[in-house]
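Per-entry structural report
Here is what each chain is made of, one letter per residue.
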Number of protein chains: 4
Amino acid sequence: MRYALVGYTGRMGAEIIPLFESRGHELVMKVDENGEEALGTPRVVLDFSRPSALASTVRICRECSSALVLGTTGLSTSDGESLRGLSSLVPVVYSPNFGVGINILSMILSDYSEILAGWDAEIVETHHDKKVDAPSGTALALMDALGRRCPAHSIRLGNLPGDHSVHLANSDELMTFTHRTINRGVLARGALLAAEFAASADSGYYNFQDVLRSLK
Amino acid sequence: MRYALVGYTGRMGAEIIPLFESRGHELVMKVDENGEEALGTPRVVLDFSRPSALASTVRICRECSSALVLGTTGLSTSDGESLRGLSSLVPVVYSPNFGVGINILSMILSDYSEILAGWDAEIVETHHDKKVDAPSGTALALMDALGRRCPAHSIRLGNLPGDHSVHLANSDELMTFTHRTINRGVLARGALLAAEFAASADSGYYNFQDVLRSLK
Amino acid sequence: MRYALVGYTGRMGAEIIPLFESRGHELVMKVDENGEEALGTPRVVLDFSRPSALASTVRICRECSSALVLGTTGLSTSDGESLRGLSSLVPVVYSPNFGVGINILSMILSDYSEILAGWDAEIVETHHDKKVDAPSGTALALMDALGRRCPAHSIRLGNLPGDHSVHLANSDELMTFTHRTINRGVLARGALLAAEFAASADSGYYNFQDVLRSLK
Amino acid sequence: MRYALVGYTGRMGAEIIPLFESRGHELVMKVDENGEEALGTPRVVLDFSRPSALASTVRICRECSSALVLGTTGLSTSDGESLRGLSSLVPVVYSPNFGVGINILSMILSDYSEILAGWDAEIVETHHDKKVDAPSGTALALMDALGRRCPAHSIRLGNLPGDHSVHLANSDELMTFTHRTINRGVLARGALLAAEFAASADSGYYNFQDVLRSLK
């Protein structure tokens, strides 16, 4: 698969390029704020940079009929409209979080929210002591998936990339669903799944859970 | 709901009777090897006793048009046929395991087996040191749900009622789904869910996961 | 060992009597608010009742030259003086908590508090949803043992008898010390250790950690 | 502190040099199989290379009156004698494992082995799926610390740097002591503690637990 990478000098770029290369995908276009450097026409454009890059990214997708995998956060309403428009022409995968496991956990909680309705729930999340927001955005997303607010406990110590545990209990049983990030490279793995999905999908607007569901 | 209990003197009986009473269900028939004692017609018959009791249990269900909730293990092929026959007349819920949480965990693993196909899996189960079988039947059932064999580790110490953990990992993430039994009364809770389901279900053959799915 | 039990009709009594019997210890005196019933002279008196019983308990110990194992909470200063006085004559073991494992964990944290001084610490404790105090008294005792205050997270769900986890991290490692109560009978086991210790100890004032240290 | 590093091009070297620099320690001598490059006289020599380097390392320590921190594994009996001889002149810290937390855990198990004698024990260790030895050397060291063999379960999945859990249970309680490696740089941190200890210690032969005990 030939792909373009917007913001290739950032941390995501540093993780995506070797991972995609190990899977035989070819980087044919590099884009940053100074312009683009193209060796060929990309089948998929990946953009994990900033909202300000979106207009140029959408233009490239339109010109090249490339699919888009977008992980930019902080998009405006008009950005959303621009993406919807693009998705009538090519596949667009948008998600604020390309973590594979955490999205699987969210899907499970959402699918089983009614069955788990009678269970008490509490979330514990553990991160490095530099993390300022509490509870984590991921903890809030897990509550959204579960369909209810519940107590969340934020542990901040050491240098942990991030653990999330959802505890569920009735009077006789305790279930705990835990996700642990081992390497921060997990997002590049999600980008890879999304790009491989987008390369062969029909035009349309998808989120990352659609990508995961396609594995079924 | 009026119910009958086969094998009411056993441990399951000791747990079912007060739990059902707390929910307003009335025990109208008690059955053991010496015969039956009836105060009324049961809507649901519960049998958590032995295969040898099944013929009598099925006869009662037929005579009373009662639904059946059956937890007996070690049934023969002809027992199965007998149950299938009964299920054309009344609802029959059969499961070798009425644990609520462990069945939810099995359903999740089964539903997500394709999505989790690329993840390494190992199971750890911890039980009291008197338990002789290893891995536990529940660990094997979790593998069945996941659709593959995987290493299982059996810890035998102290007096734990039973923990099961399914570890799933890719190179960047670890997910652990853990179920802990706190009180052995958990099976009576499952029997309650099954009986309440059976009391209003159409005739047919169901397992316990059908009962849980009806909560959706 | 011949022993007396003050408050033998309470929950502790219900757990102590069969456990002590299984170890061959003989209950020779039963004491409650209505008086005492004696079949012999106790070597050890156990009192897990109320402060109001203490005067009578101390009198019995003095009359019989019996050792005392005392778990009563809420003692006054003059109660303390009375115990100190008694301890010049017989062994007195006093502790507000006879949990074996949790005392071992406290001893470890205390012994290693300087070595662990550079590690971040947080405590998570999980109890049934009827527990009103948070953090638990045990969590506070663990902080005392560690020699510093640290964040404590109180999870209240289901029917858990009680889990306590102390998380310790530096930038490269995480250590977690977890104690899980499986059966609430754990305190009777601690009382047994204390009584067997007291039966052969020199006169003096001991706490439960002295009892555990004697196992070394 | 001025220090020498033997085998500075290896992985340990890559971790030690920036960590020591961040603490203000100055690398004044670099040694590899091609010889040494010296800018000054080291107060401490660190050697995490191979047994074949030891003779040269000991010679440097003798010439410079430098303390030695040695992490080489696979030493011979005559190597041991050479180190004992050196330790009459300068401080020598030798350990096959400079992991801080795992040594603390070993010390705890050793200190409490008698108190924990009546508890069932099992060890679970989880590592990446490339690890070939099972149980891990660290699991065996934990058993040594505990003073008895116990079942060990080796989970091999994903890319985990290494978790070790020691489960201890009696009939009423479960204690679990878990160590998780987050970053493989943990050994450099141990080397730092050892070097800072050695810089001011009396001549003698020490292990890494002596270093940790000096923090008390």
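Each value, and the rule that gives it
- Per-chain numbering applies: the sequence of each chain, read as written, is numbered from 1 onward.
- Each chain takes a letter, starting from A, and each ligand takes a number, starting from 1, following the order in which they are written.
- In view of the model being predicted, local features appear only for residues whose pLDDT reaches at least 70, and side-chain atom pairs are presented and counted only at 80 or more, with totals across whole chains, interfaces and linings using the full set of residues.
- Side-chain metrics in this entry use all non-hydrogen atoms of the structure; hydrogen atoms and water are not considered.
- Residues below a pLDDT of 70 in either copy are left out; the C-alpha atoms of the rest, at least 70 in both, set the least-squares superposition of the copies.
- For this analysis, residues touch if any pair of their heavy atoms sits within 4.5 Å.
- Here the buried area means the combined drop in accessible surface, using a 1.4 Å probe, for two parts upon being joined, counting both sides.
- Throughout this description, the term salt bridge denotes a Lys or Arg side-chain nitrogen within 4 Å of a carboxyl oxygen of Asp or Glu.
- Polar contact is the term for a pair of N or O atoms within 3.5 Å; when the atoms are in protein, one must be able to donate a hydrogen and the other to accept it, and sequence-neighboring residues count only if both atoms are side-chain atoms.
- Here a helix means four or more residues in a row that DSSP labels H or I, a strand means two or more in a row labelled E, and each is numbered from the N terminus.
- Summary of the burial criterion: residues with accessible area below 20% of their type's maximum are buried, those above 50% are exposed, and those between are partly exposed, where the area comes from a 1.4 Å probe applied to protein chains only.

**Let's talk about the relation of the copies chain D and chain A**
- Of the transformation superimposing chain D on chain A, the axial component is 0.0 Å and the angular component is 180 degrees, with the fit at an RMSD of 0.1 Å. Here the two chains are linked by the operation of a two-fold rotation axis. For chain D, the smallest separation between a C-alpha atom and the rotation axis is recorded for Ile 182 of chain D, amounting to 3.9 Å.
- An overlap of 100% is found between the interface residues of chain D and their copies at the interface of chain A, pointing to a shared contact surface.

**Some thoughts on the interface of chain A and chain B**
- With 35 residues of chain A at the contact, the number on the chain B side is 35 residues.
- For the chain A and chain B pair, buried surface summed over both sides reaches about 3200 Å², with 60% attributable to carbon and sulfur atoms.
- There are two salt bridges connecting chain A and chain B.
- Among the ionic pairs, Asp 172 of chain B bridges to Arg 189 of chain A, the shortest N-O distance being 3.0 Å.
- Our enumeration of links across chain A and chain B arrives at 26 residue pairs in polar contact (both at pLDDT 80 or more).
- Broken down by secondary-structure element, the contributors of at least two residues to the side of chain A that touches chain B are α4 (100-111), β10 (173-181), α6 (186-200) and α7 (208-213) of chain A.

**With respect to the pattern of salt bridges**
Residues and elements named next belong to chain A.
- In total, this model carries 40 salt bridges over all chains according to the counting rule given.
- Note that Asp 210 is salt-bridged to Arg 213, the shortest N-O span being 3.5 Å. Taken together, the positions of Asp 210 and Arg 213, both in helix α7 and three residues apart, correspond to about one turn of that helix.
- Overall, the relative accessible area of 27% leaves Asp 210 in the partly exposed class.

**Points about the relation of the copies chain A and chain B**
- For the pair chain A and chain B, the best superposition has an RMSD of 0.1 Å and corresponds to a rotation of 179 degrees with a translation of 0.0 Å parallel to the axis.
- Both copies share a contact surface, since 100% of the interface residues of chain A are interface residues in chain B too.

**So, unusual backbone geometry**
All names here are of chain C.
- The linkage connecting Ala 134 with the following residue, Pro 135, adopts the cis geometry, with an omega of -5 degrees.
- Even without glycine at this site, Ser 65 takes up a positive phi of about 55 degrees.
- Residue position: Ser 65 is located in the loop between α2 (54-64) and β5 (67-70).
- Given a relative accessible area of 55%, Ser 65 falls into the exposed group.

By themselves these figures say nothing about function.
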